[in-house]
Amino acid sequence: MFKFFKQNSNGKNGHNSQNQIRMSDLDGQPIGVGDKVECLRYDMGICEIVEGEVGFDYVSLETGKRVNFTRMVDAATSFQKVRKIEG
């Protein structure tokens, strides 16, 4: 018989409850506090990652707008909708 649900290491069916958002840009590069990124949503332009009340926030260097990291998640990949700026 076919197994419709995968069994995880905890012995429970379905998705792993430990799924977390990856703090990586669209190219898979890890990002963290202090990094400068180009935000691809909300017309924020160049932003800096800072610690917020709940997790991390993106603060636009151009407009001053502040957005929580959860609003930048790409649903297809779980990466953030940003591109890291090197240097």
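The notes below deal with the structure included here. (Residues numbered from 1 in each chain as written. Predicted model: local features only at pLDDT ≥ 70, side-chain atom pairs only at ≥ 80, totals over all residues. Heavy atoms only, no water.)

## Brief notes about the packing of aromatic side chains
Alright, step 1. This model, assessed by the stated rule, comprises one aromatic pair.
Alright, step 2. Look at phenylalanine 56 and phenylalanine 69: their rings are 6.1 Å apart centre to centre, the planes differ by 70°, and that puts the pair in the edge-to-face class. Separated by 13 residues along the polypeptide, phenylalanine 56 in strand E3 (residues 56-60) and phenylalanine 69 in the loop between strand E4 (66-68) and strand E5 (82-84) bring together distant segments of the chain. (Phe/Tyr/Trp six-rings, centres within 6.5 Å; stacked < 30°, edge-to-face > 60°. Helix = DSSP H or I, 4+ residues; strand = E, 2+ residues; numbered from the N terminus.)

## A few points about the side chain of aspartate 74
Alright, step 1. Within the secondary structure, aspartate 74 is located in the loop between E4 and E5.
Alright, step 2. For the buried residue aspartate 74, which engages in no salt bridge, the nearest side chain bearing the opposite charge is lysine 81, 4.0 Å off.
Alright, step 3. Here aspartate 74 is in contact with Leu26, Arg41, Phe79 and Lys81, once residues within four sequence places are set aside. (Buried < 20%, exposed > 50% of the residue type's maximum accessible area, 1.4 Å probe, protein only. Lys, Arg positive; Asp, Glu negative; His and termini not counted. Salt bridge = Lys/Arg side-chain N within 4 Å of Asp/Glu carboxyl O. Contact = heavy atoms within 4.5 Å.)

## A short note on the pairing of E3
Alright, step 1. By the criterion of burial, E3 is predominantly enclosed, with four of the five residues buried.
Alright, step 2. Pairing of strand E2 (residues 46-51) with E3, which is carried by five bridges, proceeds in the antiparallel orientation. Bridging across to E3, cysteine 47 finds its partner in serine 60.
Alright, step 3. Turn length for the E2-E3 hairpin, with the two strands adjacent in sequence and antiparallel, is four residues, and the turn residue glycine 55 shows positive phi of about 85°.
Alright, step 4. Alignment of E3 against E4, held across three bridges, turns out to be antiparallel. The residue of E4 that forms the bridge with aspartate 57 is asparagine 68.
Alright, step 5. Here E3 folds back onto E4 in antiparallel fashion, the turn holding five residues, of which glycine 64 has a positive phi close to 85°. (Pairing = 2+ DSSP bridges.)

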